[in-house]
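Here are the chains, one letter per residue:
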Amino acid sequence: MKRIHIILIILIAVAIGAIVSTYGDASTYESFNVAALNPAKEYHVVGMLNRNKEQIYDPKIDANCFTFFMVDNNGTESKVILRSTKPQDFERSEKIVIIGKMQGDHFEASKILLKCPSKYTDNQMKTS
């Protein structure tokens, strides 16, 4: 075999290894209970804001700390600490997806995705 063929085979093997390793490390949608069992692993947790509990965000004290309570799709509630600014229109969100790890009694979120209510309803949409 030529040297170029050996190099190509090695590059293909490395590419396959990289794909397999990223696939195995991909985050999954889970509940707070599963995240608590594996605190070293990052998870996506889907749920709704608990509007009955306090939200804490004071940019004068720490602009990168927002705390709230969320109920996952299984009904489990957890305190969530987001190490970022409070998202705009947070209270209007229908569903919340948080990405992060469970740290003891709370979920430490590194990212947050909001599903806000649609601006348009069937009654308001007009077709030409």
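Before reading on, note that the structure itself is shown above.
Residues numbered from 1 in each chain as written. Predicted model: local features only at pLDDT ≥ 70, side-chain atom pairs only at ≥ 80, totals over all residues. Heavy atoms only, no water.

**Student:** Residues and numbers for the pairing of strand β6 (residues 106-115), please.
**Tutor:** In this structure, strand β4 (residues 77-82) lies alongside β6, joined through 4 bridges in parallel fashion. If you follow V80 over to β6, its bridge partner there is F107. Pairing of strand β5 (residues 95-103) with β6 involves 9 bridges; the strand directions are antiparallel. Its bridge partner lying in β6, K101 is registered against E108. If you look at the hairpin formed by β5 and β6, you'll find 2 residues sitting between the two strands, and G104 has a positive phi there, around 70°. (Pairing = 2+ DSSP bridges. Helix = DSSP H or I, 4+ residues; strand = E, 2+ residues; numbered from the N terminus.)

**Student:** Can you break down the nonpolar core residue by residue, with the values?
**Tutor:** Taken as a class, soluble globular proteins show a tendency for nonpolar side chains to be buried jointly. Core analysis: the biggest nonpolar cluster contains 17 residues, and F32, F68, M70, V80, I96, I98 and F107 have the highest contact counts within it. Put simply, the parts of the chain that give this core at least two residues each are α2 (32-37), β2 (43-49), β3 (66-72), β4, β5 and β6. Here F68 is in contact with L49, E54, Q55, S78, K79, V80, F90, I96, I98 and I112, once residues within four sequence places are set aside. (Core = buried A, V, L, I, M, F, W, Y, C linked by side-chain atoms within 4.5 Å. Buried < 20%, exposed > 50% of the residue type's maximum accessible area, 1.4 Å probe, protein only. Contact = heavy atoms within 4.5 Å.)

**Student:** Can you tell me about the pattern of salt bridges, naming the residues and giving the values?
**Tutor:** Enumeration over the complete set of coordinates arrives at 5 salt bridges. One salt bridge connects K53 with E77, and the closest N-O pair in it is separated by 2.8 Å. You can see K53 sitting in the loop between β2 and β3 and its partner E77 sitting in strand β4, a full 24 residues away along the chain. According to the relative accessible area criterion, K53 is partly exposed, its value standing at 35%. Here R92 makes a salt bridge to D89, at a shortest N to O gap of 3.9 Å. Residue R92 is classed as exposed on the basis of its relative accessible area, which comes to 51%. The exposure class assigned to D89 is partly exposed, which follows from its relative accessible area of 37%. (Salt bridge = Lys/Arg side-chain N within 4 Å of Asp/Glu carboxyl O.)

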